[in-house]
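Structural overview for review
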Amino acid sequence: MAQKQINGTTIDVNDEGYMTNHSQWNKVIAATIAEEEGITLTPAHWRVLDFIDHDFQEKGVVPGMRRMNKVGGIPTKDLYELFPNGPIKKAAKISGYPKPASCV
Amino acid sequence: MTGSQPISKVSIVVSRGSLEGIYPGLIMANGARMEGIEANLFFTFFGLYGVLKNYNDKIRVATVGNPAMRVPSAKGLPMPTLLGAIPGMSAIATWMMNKEMEKIDIPPIPEFLEMIHDAGAGIYACKATVDMFHLTKDDFIPQMDKVLTVGEFYEQSAGGQIIFT
């Protein structure tokens, strides 16, 4: 398992950079991972990240696109605009959760 | 041929109009966009029903001529083709499959196409089939971008992989 330094804090990550210990996650770490992905977090991004966090606590998995739409009330288009080139993967990474394991 | 070159663009041809003929193409196109891969969907022959208004919500599983089909579940008994021909069989199989897909959040075809369209994929219909079936642009769902000739399809697919389903 790899480790990574963010603002003096050490976090555990896997080969692809997904955090493996969510208790190490905080908003500063999220913003730093987002910057690495070329994204500057805005309230619109946080709405997505908060939904993922909330849904993961409840279901134990990162929500898929349809769940983001129907339950989270976040349209597909918005997700692609906020997190270009792989919306759910990137949002999950920034949220400190594992890479989504679903096909849809 | 470099084995590790990432795929950056795919054009997926959907040529069959059954549920199991249409869904794989949709899942692959959506999956491509989710990975940041550019994607086009091209509907041809009976696959065209996937993008026809008032028809694409009634797509069914083929229960005839499908030797892999088993009842009542995927590990059940093989279903003889003759039984598959009984009226209502296709409707029941479709209902069961839709139920299972709903459980894992695979959307119904019309909703899935909206999602794929909003994800930025191109959705096209084949000109030869449109002419053969006497269709116009109005017969299609609004997400269908354009009717393309095969030549235009190849132009649209330039620089990517073509996948025929």
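Residues numbered from 1 in each chain as written. Chains lettered and ligands numbered in written order. Predicted model: local features only at pLDDT ≥ 70, side-chain atom pairs only at ≥ 80, totals over all residues. Heavy atoms only, no water.

**Description of the domain arrangement of chain B**
All names here are of chain B. Splitting chain B by domain gives domain 1 (7–57 + 108–165) and domain 2 (61–106). Each of domain 1 and domain 2 has a C-alpha centre, and these two points are 25 Å apart. Taken together, the contact pairs seven residues of domain 1 with eight residues of domain 2. Carbon and sulfur atoms supply 71% of the area that domain 1 and domain 2 bury against each other, a total of about 540 Å² over both sides. Among the residues of domain 1 in contact with domain 2, L19, E20 and Y23 are the three that bury the most area, contributing 69% of the side total. Summed over the shared surface of domain 1 and domain 2, the result is one residue pair in polar contact (both at pLDDT 80 or more). (Domains from an automatic or database assignment. Contact = heavy atoms within 4.5 Å. Buried area = accessible area lost by both parts, 1.4 Å probe. Polar contact = N/O pair within 3.5 Å; in protein donor to acceptor, adjacent residues only side chain to side chain.)

**Section: the sheet that holds strand β1 (residues 9–14) of chain B**
Sheets are built from strands that pair by backbone hydrogen bonding, the pairs being arranged parallel or antiparallel. All names here are of chain B. Spatially, five strands are ordered β6-β5-β2-β1-β7 in an open sheet, and the strand pairing comes out parallel. The sheet terminates laterally at β6 (146–148) and β7 (161–164), the two strands that pair on one side only. Across the sheet, the axes of successive neighbouring strands diverge by a mean angle of 30°, strand direction being ignored. As paired elements, β1 and β7 share four bridges and run parallel to each other. By the bridge assignment for β7, S11 is matched with I162. Each of β1, β2 (38–43) and β7 touches helix α1 (residues 19–34); the most contacted strand, β2, lies at about 160° to it. (Pairing = 2+ DSSP bridges. Helix = DSSP H or I, 4+ residues; strand = E, 2+ residues; numbered from the N terminus. Axes fitted to C-alpha atoms, helices over the stretch in contact; angles between N-to-C directions.)

**Topic: the environment of P78(B)**
Residues and elements named next belong to chain B. Structurally, P78 can be placed in strand β4 (residues 77–78). It is 7.1 Å that separates the C-alpha atoms of P78 and A68, two residues lying 10 residues apart in sequence. Those residues in contact with P78, other than ones at most four positions away along the chain, are M69 and R70.

**With respect to the packing of aromatic side chains**
Inspection of the entire model under this criterion finds nine aromatic pairs over all chains. The interplanar angle of 45° and the centroid separation of 6.2 Å between the aromatic rings of Y49(B) and F133(B) together place this pair among those described as tilted. Here F133(B) lies in the loop between α5 (127–132) and β6 and Y49(B) lies in the loop between β2 and β3 (70–71), a separation of 84 residues in the sequence. Taking relative accessible area as the criterion, F133(B) reaches 23% and is therefore assigned partly exposed. Arranged with centres 5.6 Å apart and planes meeting at 55°, the rings of F153(B) and Y154(B) form a pair that is tilted. On the basis of relative accessibility, which here comes to 5%, the residue F153(B) falls in the buried class. Members of the aromatic cluster, connected to one another through ring pairs, are F46(B), Y49(B), Y55(B) and F133(B). Positioned over the ring face of W46(A) is K27(A), at 4.4 Å from the centre of the ring. (Phe/Tyr/Trp six-rings, centres within 6.5 Å; stacked < 30°, edge-to-face > 60°. Buried < 20%, exposed > 50% of the residue type's maximum accessible area, 1.4 Å probe, protein only. Lys NZ or Arg CZ within 6 Å of the ring centre and 35° of its normal.)

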